[in-house]
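Here is how the chains run, residue by residue.
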Amino acid sequence: MSVERHIAGMLQQIARQQDIVEIAPQGSTPKAAALAHVAEQYGYTYGMAYRTGFKNSLVQVRMHRDPQPDARVHEAATITAHPQAGNGGTVPGLQQGSLKPLPEAVGAVAVLKDLITFDVMAQYVADRSQKAKGYLACAVLTVLLLIDRSPVEAVASGGAVALLFTVAFKVGEIRRGKIAQRLTAAGFLAVRDEQGSQRFLRPGQQLPGHTNPFAA
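Source: prediction; values computed, not measured. (Residues numbered from 1 in each chain as written. Predicted model: local features only at pLDDT ≥ 70, side-chain atom pairs only at ≥ 80, totals over all residues. Heavy atoms only, no water.)

Caption draft 1: Representation of the overall build of the protein. What the protein contains, in helices and strands, is six helices and five strands. When the elements of the protein are put in sequence order from the N terminus, they spell out α-β-α-β-β-α-α-α-α-β-β. Residues classed as buried in the protein amount to 38% of the 216 residues present. (Helix = DSSP H or I, 4+ residues; strand = E, 2+ residues; numbered from the N terminus. Buried < 20%, exposed > 50% of the residue type's maximum accessible area, 1.4 Å probe, protein only.)

Caption draft 2: Local environment of the packing of aromatic side chains. All chains considered together, the criterion is met by one aromatic pair. Aromatic pair Phe118 and Phe200: ring centres 5.1 Å apart, planes at 85 degrees, arrangement edge-to-face. Pair noted here: Phe118 is in helix α4 (residues 106-121) and Phe200 is in strand β5 (residues 198-201), with a separation of 82 residues, a long-range link. Judged by its relative accessible area of 2%, Phe118 falls in the buried class. Judged by relative accessible area, Phe200 falls into the buried class, the value being 5%. Looking at Arg176, its charged tip hangs above the ring of Phe118, at a distance of 3.7 Å from the centre. (Phe/Tyr/Trp six-rings, centres within 6.5 Å; stacked < 30°, edge-to-face > 60°. Lys NZ or Arg CZ within 6 Å of the ring centre and 35° of its normal.)

Caption draft 3: Broad picture of the sheet that holds strand β1 (residues 20-23). The strand order across the open sheet built from three strands is β1-β3-β2, with neighbouring strands paired in antiparallel fashion. The open sheet has two edge strands with one neighbour each: β1 and β2 (44-52). Neighbouring strand axes in the sheet, compared pairwise and without regard to direction, differ in orientation by 20 degrees on average. Looking at chain direction, β2 and strand β3 (residues 58-65) are connected through eight bridges and run antiparallel. Counted as the bridge partner of Tyr50 is Gln60 from β3. Packed onto the sheet, helix α2 (residues 29-41) meets β1, β2 and β3 and runs at close to 15 degrees relative to β3. In this fold α4 packs onto β2 and β3, with an angle of close to 40 degrees to the strand it touches most, β2. (Pairing = 2+ DSSP bridges. Axes fitted to C-alpha atoms, helices over the stretch in contact; angles between N-to-C directions. Contact = heavy atoms within 4.5 Å.)

Caption draft 4: Spatial organisation of the pattern of salt bridges. Applying the stated criterion across every chain yields a total of six salt bridges. Across the pair Arg62 and Glu22 runs a salt bridge, and its minimum N-O distance is 2.7 Å. Separated by 40 residues along the polypeptide, Arg62 in strand β3 and Glu22 in strand β1 bring together distant segments of the chain. Residue Arg62 is classed as partly exposed on the basis of its relative accessible area of 24%. As a salt-bridge pair, Glu75 and Arg65 come within 3.7 Å of each other at their nearest N and O atoms. Here Arg65 lies in strand β3 and Glu75 lies in helix α3 (residues 69-81), a separation of 10 residues in the sequence. Residues Glu75 and Arg65 agree in their burial class; the two are buried. Counted as one network, the salt bridges with shared partners bring together Arg65, Arg72 and Glu75. (Salt bridge = Lys/Arg side-chain N within 4 Å of Asp/Glu carboxyl O.)

As structure tokens, this is what we get:
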């Protein structure tokens, strides 16, 4: 899908004043972050991100419409400044004809990229039950290999897979921890959602859900 179609599709949702806007560029977190930044200029704020689609190839970002008056003023100013956005004209925060942020928007897009990556990685950073299932699979593999291989080969193969699991779990935890540090330094607050997963919110923002995520 072309850049213009990505932007036009999102702006059509925004023009209908939808409470929720879904952004799903094809598998690219930087593209998703750039589009999320554009949505913010129209009075939306980041809600959550996750992978979806065939083989989890899409990064889906959910933006929520901020009903506060300041957000609507910001939206009106953006529409005035970029009347042809999504139709070949300039787009707030992005270079003409691309999803690359302008110099003044690089920092904001980087923060959104961290928010998106942190949420997406929650699907892959294993909890205790996931780790138990992974190591159980290694044990089952070892038993199956014993059928037609020597005990030494079977144990070595099962152990190698278990080691890969361990390294993958640890690398994911370390990377997510570094992102959490950057978000905290940027002024975001760590909270737990209804499922117990860690999320980051701007000061004064609540977790989006059935209630107003912008209520005090």
